[in-house]
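Here is how the chains run, residue by residue.
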Amino acid sequence: MTNIRSLVSRLDLDAKIAQIQGIVPMDLVDFAKMMDPTSPPPDLSRGFPIEIERLATVRPHGVGHLSLGQQLNEDLEGLRDDIARLQEVAREVTPFGIGVLVHAEGVSGFVHPQGYQFTTPWGQAATWDPTLSTLVGRTAARQARAVGIHLFFSPVLDVARDLRWGRVHETYGEDVELISRMGIGFIEGVQGAEADSGILATGKHFLAYGVSAGAVNQAVTQLGRRELVDVHAEPFRRAIAEARLQVVMNSYNEIDGVPAAANHWLLTDLLRGQLGFDGLTVSDYDSIGMLHQTYRIAPTPGHAAGQALAAGLDVELPSAAMTGSLRSLIEDGTFSEEVLDRAVERVLRLKEQLGLIPGMTPARPIPPTPPVERSISEDAAREVAAASVTLLSNDGTLPLAPGQRSVAVVGPAADELRIHFGAYSTASESEMARAITLIATGQLPGVTANPEVFPDLFQTRLPGIEPIFEENTRRLHPEAVTVLHALRAQDESIAFHDFGSLDQNAPAIDVDSLAAAVDAVDVVIAVVGERTGWAGNNTAGEGRTASNPTLPGNQNELITALHALGKTVVTIVASGRPLLLEPVHNASNAVLLAPLLGPVAGPVIADAVFGVREPGGRLPSTFPRTLGQVPMYYGHPFGSGYVHPSRPRHGYIDLPDSTPLYSFGHGLTYTDFEVELVQAAYADGALSARARVRTVGERAGTAVVQLYARDEWASVVRPVQQLIAFERARLDPSAAVEITLTAPLERLAYTWLDGRRGVEAGDVTLLLGLSSADIRGESTVDVPTLILPAAL
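Note that this is a predicted model, so its numbers are computed, not measured. (Residues numbered from 1 in each chain as written. Predicted model: local features only at pLDDT ≥ 70, side-chain atom pairs only at ≥ 80, totals over all residues. Heavy atoms only, no water.)

### Quick look at the overall build of the protein chain
Turning to step 1, where the next piece is worked out: The number of helices and strands found in the protein chain is 23 helices and 25 strands.
Turning to step 2, where the next piece is worked out: Computed over C-alpha atoms, the radius of gyration of the protein chain comes to 27 Å, within 12% of the 28 Å expected from 2.2 N^0.38 for 792 residues, which places it in the range of a compact globule.
Turning to step 3, where the next piece is worked out: A principal-axis box enclosing the C-alpha atoms of the protein chain has dimensions of 75 × 70 × 50 Å.
Turning to step 4, where the next piece is worked out: A burial count over the protein chain gives 61% of its 792 residues as buried.
Turning to step 5, where the next piece is worked out: Of the contacts formed within the protein chain by residues at least 6 apart in sequence, a portion of 77% connects residues at least 24 apart.
Turning to step 6, where the next piece is worked out: As displayed, the protein chain has an accessible area near 28800 Å², and 50% of this comes from carbon and sulfur atoms. (Helix = DSSP H or I, 4+ residues; strand = E, 2+ residues; numbered from the N terminus. Rg over C-alpha atoms; globule rule 2.2 N^0.38 Å. Buried < 20%, exposed > 50% of the residue type's maximum accessible area, 1.4 Å probe, protein only. Contact = heavy atoms within 4.5 Å. Areas by Shrake-Rupley, 256 points an atom, 1.4 Å probe, with all protein chains shown as cover.)

### Some remarks on unusual backbone geometry
Turning to step 1, where the next piece is worked out: With an omega of 0°, the peptide bond running from Leu-398 to Pro-399 counts as cis.
Turning to step 2, where the next piece is worked out: Relative to the assigned elements, Pro-399 resides in the loop between strand E10 (390–394) and strand E11 (407–410).
Turning to step 3, where the next piece is worked out: Note the cis peptide between Val-630 and Pro-631, where omega equals -5°.
Turning to step 4, where the next piece is worked out: Mapped onto the elements, Pro-631 comes out in the loop between helix H23 (601–609) and strand E16 (672–683).
Turning to step 5, where the next piece is worked out: In the Ramachandran plot, Leu-68 falls in the positive-phi region, its phi being about 55° despite a non-glycine side chain.
Turning to step 6, where the next piece is worked out: By the secondary structure assignment, Leu-68 is in the loop between strand E2 (65–66) and helix H5 (76–93).
Turning to step 7, where the next piece is worked out: We note that Gln-218 has phi near 70°; this positive angle belongs to a residue other than glycine.
Turning to step 8, where the next piece is worked out: For Gln-218, the position within the fold is in the loop between strand E5 (203–206) and helix H9 (225–232).

### Focus: the nonpolar core
Turning to step 1, where the next piece is worked out: Grouped together as the largest cluster of nonpolar side chains are 162 residues, with contacts concentrated most on Phe-206, Ile-525 and Val-609.
Turning to step 2, where the next piece is worked out: Among the elements that take part in this core, helix H8 (residues 176–191) stands out by supplying eight residues, more than any other.
Turning to step 3, where the next piece is worked out: When sequence neighbours within four positions are dropped, the list of residues in contact with Ile-525 reads Leu-400, Val-407, Ala-408, Val-409, Val-410, Leu-487, Val-570, Ile-572 and Val-609.
Turning to step 4, where the next piece is worked out: Counting 36 residues, the second-largest nonpolar core is a separate cluster that includes Met-290, Leu-558, Leu-661 and Tyr-662. (Core = buried A, V, L, I, M, F, W, Y, C linked by side-chain atoms within 4.5 Å.)

### Some details on the sheet that holds strand E18 (residues 701–711)
Turning to step 1, where the next piece is worked out: Ordered in space as E19-E18-E23-E24, the four strands form an open sheet in which the pairing is antiparallel. Lying at the two open borders of the sheet, with one neighbouring strand each, are strand E19 (722–731) and strand E24 (775–783). Between one strand and the next, the sheet's axes are offset by a mean angle of 20°, whatever the strand orientation.
Turning to step 2, where the next piece is worked out: Note: strand E23 (residues 762–769) against E24, eight bridges, orientation antiparallel. Paired with Gly-769 across the strands is Ile-775, a residue of E24. (Pairing = 2+ DSSP bridges. Axes fitted to C-alpha atoms, helices over the stretch in contact; angles between N-to-C directions.)

### Looking at the packing of aromatic side chains
Turning to step 1, where the next piece is worked out: A complete count under the given rule lists 13 aromatic pairs for this structure.
Turning to step 2, where the next piece is worked out: With 4.6 Å between their ring centres and 80° between their planes, Tyr-424 and Trp-534 make a pair best called edge-to-face. Here the residue Tyr-424 occupies a position in the loop between E11 and helix H17 (426–440), and Trp-534 occupies one in the loop between strand E13 (523–529) and helix H21 (555–564), the gap between them amounting to 110 residues.
Turning to step 3, where the next piece is worked out: Between the aromatic rings of Tyr-634 and Phe-664, the centroid separation amounts to 4.6 Å while the plane-to-plane angle is 10°, which identifies the pairing as stacked. Taken together, the positions of Tyr-634 in the loop between H23 and E16 and Phe-664 in the loop between H23 and E16 put the pair 30 residues apart, joining distant regions of the chain. Of the two residues examined, Tyr-634 and Phe-664, each falls in the buried class.
Turning to step 4, where the next piece is worked out: Here the aromatic residues Trp-128, Tyr-634, Phe-664, Tyr-708 and Phe-726 are joined through ring pairs into a cluster of three or more.
Turning to step 5, where the next piece is worked out: Against the face of Tyr-633 rests Arg-161, its NZ or CZ located 4.1 Å from the ring centre.
Turning to step 6, where the next piece is worked out: Cation over ring: Arg-181 sits above Phe-726, and NZ or CZ is 4.0 Å from the ring centre. (Phe/Tyr/Trp six-rings, centres within 6.5 Å; stacked < 30°, edge-to-face > 60°. Lys NZ or Arg CZ within 6 Å of the ring centre and 35° of its normal.)

### Some details on the side chain of Asn-263
Turning to step 1, where the next piece is worked out: Turning to its location among the elements, Asn-263 is positioned in the loop between strand E8 (258–259) and helix H11 (264–274).
Turning to step 2, where the next piece is worked out: Engagement of the side chain of Asn-263 in a polar contact is seen with the backbone nitrogen of Leu-266, the distance being 3.0 Å.
Turning to step 3, where the next piece is worked out: With sequence-adjacent residues up to four places away left out, Asn-263 is seen in contact with Ile-255, Val-258 and Ala-311. (Polar contact = N/O pair within 3.5 Å; in protein donor to acceptor, adjacent residues only side chain to side chain.)

### Overview of the pattern of salt bridges
Turning to step 1, where the next piece is worked out: Applying the stated criterion across every chain yields a total of 41 salt bridges.
Turning to step 2, where the next piece is worked out: One salt bridge in this structure joins Arg-710 and Glu-712, with 3.2 Å as the shortest N-O distance. (Salt bridge = Lys/Arg side-chain N within 4 Å of Asp/Glu carboxyl O.)

### A word on the sheet that holds strand E21 (residues 750–751)
Turning to step 1, where the next piece is worked out: Here we have three strands laid out as an open sheet, ordered E21-E22-E25, and antiparallel in their pairing. What marks the edges here is a single partner per strand, and that holds for E21 and strand E25 (786–787).
Turning to step 2, where the next piece is worked out: Pairing geometry for strand E22 (residues 757–759) and E25, over two bridges, is antiparallel. When the sheet's bridge partners are listed, Gly-758 is paired in E25 with Ile-787.

Given below as structure tokens:
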């Protein structure tokens, strides 16, 4: 620390400001040259011409961070070389040869056109297996570090309880325990158990980003501090304490009138004071600019930068739009240089750890840079995807036996690859660049390159883009096959009929034609879903809030029409979030959820349909029956929601059943399980339950045994149920196993009326089951008072 402080004191003001600024590849494009009528027009077929040597002109005092580092080059070897050259140029202009922190994304694998892809985080959470999120993190980090990436802006630790929000697929669902364990697994995969892998993870978004008013992206969050601290901050608390999380990114929202980017209570009192965080905080892209441009609490860009620094935010990303105006405000005393110094110290401390400061040796040796990997076995991606496919309902129709019944496939997702990818994936990353190029070159009718389009491409509809994006996905993943082709690989007699559309303005289903097409068919497999991403006409993704999150287009109509024709219907839903599926449930004999499985989706889904592998997933989120129940989650407080263990409460007068369609933790397999609570206890600071699990049936299967707790009496209102432990158990036919689930008592901690945190003495009921609604045994234990120490 002394050496770092000494180094900071030797930097002039411009060099200090440079360390808290980012730069994006587009900053290195010479637009003046591109627009010069005397110069030949640039070839934009491979994107905009990036000139790394311009760094010295654009950032003459140095640069702290490269945002969107993966965008320098579409080829992995080329990217490695370009990042290395950028580091050389940066060291030449930065005092003392300090290197650049290079950032990228990695929630579903390294986000690069040649990155290896896994199922989306919501799908990873459906595995209920933290070792698989570790596998995702480790694989992504290895591929990214090989090209010179230092920092992943992953994982997303937001608690997502409103299915209308477009970013649910980036999260690990609605429950704090599941989010914490999956997030910690990912972080340890990226950083290594000792945080010495040479690449670091970032927890985001701090705080309560997924609980915006109306689920509108970046809107106000209206929660009390107790829920913010005890629920939404808990995954961050756990990641800091258990996984050495060293970087946190702020949220876009405002809480009680104060935007997160300027919220001292949030970024300093809570994060550093209560949670004990001592690392680096970085701004989500343009969130500092929003203080001036959106929220209008900062009169100038410089004031926005100063407010963010004073609140405890250390770095402006992606570029330098606000901090570029900070110098004069420090010189005239409006903002303190000491606050700037604090932020620069945190940046340089991280750079020292990653070996980016000449003459300073990292405390832990950095392992050798791995070689660039272009091709990685699909086995890992298939393992994760197979464990995330979730069987929502089944009357015995599944699994199908190839060749025993005549089968037809319908639905707009049957022969499409793109629908299985989310935002922050190879597909969506490539689509952004492709869309910008198409717009800039006038190749999209009705869309022009104007200031209204480019700043918020997430919101701009792009007519006719779907075939272009589908072709792009097939180019990126030539080995991938669609669900239709994968099903036909196991039963070549399967027919395909092109019915159904995702288009919001799709015409009504031609029922007569549909009836004629499936007349002689025993089983119809309807492959449906929604597209998720950034650019294009997606119904989910960043900036894509849905007022009615159901299957888009005429897909519901297609499934209900098949049911009305008397057909056996198997519905496969490709989605990265809960949807309103009651019409689908009522019209289907079986419903299978495929939570954005990536390039291996087709074969994994086909294996589940034909029973080659069991569907291994359990839901990380609650599925409501109707829109009026939203937001809906299982761990609601006493007196609210749909479970009332204390006394009857009010429900919906127009719903015969106010419970969820599919509950948190739900997921069927092709066998059944008997689960018995053998013993429940509290001892030595931990709650425990011993369970006996036995398969019932002729197939092997995987049980996900779940332990919930309910604090029966407290001085503040507590949840009716709270997940505290879980375990996957693979059992052979007629086999039995005993499992002991344990959790420290502090998992039930909450903020008391006097501000302390802990658990009050009294009764805690332990509930053992196979989902939040499928409880097989319960027992009440007495626990002592637990008072947690305050963080330093």
